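# Structural description and commentary
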Amino acid sequence: MGKRVILVPLDPVHDIGLKMIGRALSERGHETRLLQPDLSCEEIVGEISRYRCDYALVGRTLGYGVEEMLARLADLADAAGLRPKVKMVVGGMAIKPELAAELGYDAGFGPNTPVEEVVAYVEGRPYDPRGGVPPRSKPSLTRGYTYRFRNSEVEALLSGIVEEVVCWASGVTSPGVERARIRSRMFESRREGEGEEGLAREYERLCEPVVAESCRGAGVPKARAVTPSEKERLERRLLGRTKGETQLRHGRDKPLVFVQYGTGCPLMDVAHVEVAESWGADGVVHFDPSWAARREGLFRGLLAHEEDGSLITEENLRLVKSGLGDPTLWQVRAHRGLNTAETVVLAGECGADLTKINIAYGSLGGGTDPERLAADGVEAMRQAARYGMPFDVVTNEELCGVPAHKAFAGMLITAAVGIRLGGLPVLQPLFCRSPQVMLEGFMADNYVDFNAAKVLALRQILDAPIWPGAPIGFLTHTPDRVQASVTTALHACLASSLGVDAISISSADEAYSGGPISAASRVDTLRAVREGLRFFGRAGIEPTDRARLWASDIVEGIVSVLRDVARGGSFVGALYEGLLGSREEGAYPGRVGRGTVKKVRAG
Amino acid sequence: MSPWEKVKDAVMDALDVETFLVCSSEDEAVRAMRALMDAMGLGAADIVFLEMAGPGARVRARAYVHRPGDRYGWLGGEADGEAGNPGSA
């Protein structure tokens, strides 16, 4: 049955909230009457009395004198005998629910209360913040993509290169490849209830001594063990809390927004991840320290340290996973270092949704020997395919100075190998102000065209998901949190306009090097991205014609590089020779793990 | 436990203080901000950002209450004899 509702604006002009509520109530069959603003309390009580309403919704925006005025209105309504018949409700910018209760109102609604919440109150039903929309489910980055090539020349060139890589990799092995396979068997043994000890000893023999000792329970340099009490208190204080349903996008399904974490401590990671999820992040990316990636083997234990990046251990990953909300995507990076393949196994076993692999970047900008990372990278992609885990192929060598087209050629080779092995690669161009961009003046006018050109170029080549990173706006941030948040939001809006599948965003601390990233700085950029995406909605940013021209240049450059790689007959050789990024450009073939790749004995 | 200690325990990691200081140089702003943080008992503070223009400086200083790897007050409960946080504010 419809209610009679009188809407009472207490301010001279600010009655828009009441008008919106009035419209919503009318649309649902209630009878409403909006009073003129700025009436005296006596006049208002007179109107309420004459209208014989069920509800009086009082709105107040301005803060001065609010308490006195509302108290007076309540007193007069009491004196007029209205209270048993009329529910008195107050809301608006100046209202806090506690104040309403204190003054004897039946309900109080603070700033940013949704209209639907007030309507639900009037109708005497519980408020559903999701408006009947079912809870978010875990999204897919790769669904709907065919992985078909759109550029036949690139397809033909990659086909030959991929066969060479896969054939070469089938004839070699490394300690990292072996460890990945042993790890995999250890998990299988565990599932079948068999002992892992024998395999564990085999595993330790392939690790550096300090890692092997950690596996046997010894401490880890620079790290401390998280105590059972800390873990238990974390579970009690943080885990299982409702994270809300903050939605960053407005009117679009893409891009999914990823936040990178890796504070050094799994407890703090869980806390930061909870913050990021609560402010609308769709996914989180585990950052590990570079020093650990340069050691043979993964440490064991629930371990914290005071440097950037959180150690990849089974225990650390499982703790972070235990805190993740069901719809949150979780990526564990495996893209560089000596534990690439093994990290993929661990990530898959711990429930990660995504990983990160790139042979070219890891060996030209990540410090790992190209031959070693090629062997481990191929195994990593096999493992990723086995777990059905998509992986992004990052192109961070651009930050070393490698031109975009060369970085993209390396990315496409890795992606094509992944596809050949049954995997689901995700292309990850950088949205960044790279050395190439600075030297060539590509962003002298705007930050839009060259970033857009990268996406357009990749779309001309392959039907695959695109996930700019990492983070977007790299090298455009300053320690000013407003500037850092704005530049992040604008890059996010560009990504949204281009319809890419996902983005990785930094915190507002991206350019601050004096200490760890703070939780508040993560909120800054998430909030800014939400505002930016709200501003544009389904509208967009229009690149100039320059973007299309640059896209053509990038495609031509990629073809040229792939021809050179194909002509040379060896992908690994091409990495050493600088075809995918030269020393002059800032790409140096890594040395970590050099000489550790062995030929597999026939038979 | 003092109210200040109790509130500090709830700080997840960093405590930022941001303001506009009326001053005539960046050096003066840095000195003033450090003095302010000292006076607030946040001695180990760092200047995260400072921009000087016109009548003074927009400045943000930071003290870490809990660094990664510390014993976090916001975990609550007893810390079973674990060491304190010597490096934090």
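Preceding this section is the structure that the text describes.
Computed from a predicted model, the values in this text were never measured in an experiment.

Contacts between the two partners involve 26 residues from chain B, matched on the other side by 31 residues from chain A. Here chain B and chain A share an interface that buries about 2400 Å² over both sides, 53% of which is from carbon and sulfur atoms. On the chain B side of the interface with chain A, the three residues burying the most area are B:Met12, B:Pro68 and B:Leu75, jointly 26% of the side's total. Remark: the boundary between chain B and chain A carries four salt bridges. Where chain B meets chain A, there are 13 residue pairs in polar contact (both at pLDDT 80 or more). Looking at the side of chain B that touches chain A, the elements with two or more residues in it are β1 (14-22), β2 (46-53) and β3 (56-64) of chain B.

The subject of this paragraph is the side chain of A:Asn339. With respect to the helices, strands and loops of the structure, A:Asn339 is situated in the loop between β11 (329-333) and α14 (340-349). Here the side chain of A:Asn339 touches A:Arg295 through a polar contact of 3.0 Å, landing on its backbone oxygen.

Turning our eyes to something else, we now look at the nonpolar core. Core analysis: the largest hydrophobic core is formed by 138 residues, its most contacted members being A:Trp330, A:Ile413, A:Val417, A:Leu427, A:Leu562, A:Leu580 and B:Trp74. Discounting residues that sit within four places of it in the chain, A:Leu562 has contacts with A:Val154, A:Leu157, A:Leu158, A:Ile161, A:Ala409 and A:Ile413. The next biggest cluster of nonpolar side chains, apart from the first, holds 28 residues, and it includes A:Tyr51, A:Val58, A:Leu70 and A:Leu99.

Time to look at unusual backbone geometry. Residues and elements named next belong to chain A. In this model, Lys 254 is joined to Pro 255 through a cis peptide bond whose omega is 0 degrees. Considering the arrangement of structural elements, one finds Pro 255 in the loop between α10 (228-237) and β8 (256-261). For the bond running from Ala 470 to Pro 471, omega is 5 degrees, close enough to zero to count as cis. Residue position: Pro 471 is located in strand β16 (residues 469-474). Of note, the phi angle at Asn 112 is positive, near 65 degrees, even though the residue is not glycine. Among the residues examined, Asn 112 registers a relative accessible area of 75% and is labelled exposed. One non-glycine residue, Lys 222, lies in positive phi territory at about 70 degrees. Among the structural elements, Lys 222 can be located in the loop between α9 (209-215) and β7 (223-225).

Conventions used here
- Residues numbered from 1 in each chain as written.
- Chains lettered and ligands numbered in written order.
- Predicted model: local features only at pLDDT ≥ 70, side-chain atom pairs only at ≥ 80, totals over all residues.
- Heavy atoms only, no water.
- Contact = heavy atoms within 4.5 Å.
- Buried area = accessible area lost by both parts, 1.4 Å probe.
- Salt bridge = Lys/Arg side-chain N within 4 Å of Asp/Glu carboxyl O.
- Polar contact = N/O pair within 3.5 Å; in protein donor to acceptor, adjacent residues only side chain to side chain.
- Helix = DSSP H or I, 4+ residues; strand = E, 2+ residues; numbered from the N terminus.
- Core = buried A, V, L, I, M, F, W, Y, C linked by side-chain atoms within 4.5 Å.
- Buried < 20%, exposed > 50% of the residue type's maximum accessible area, 1.4 Å probe, protein only.

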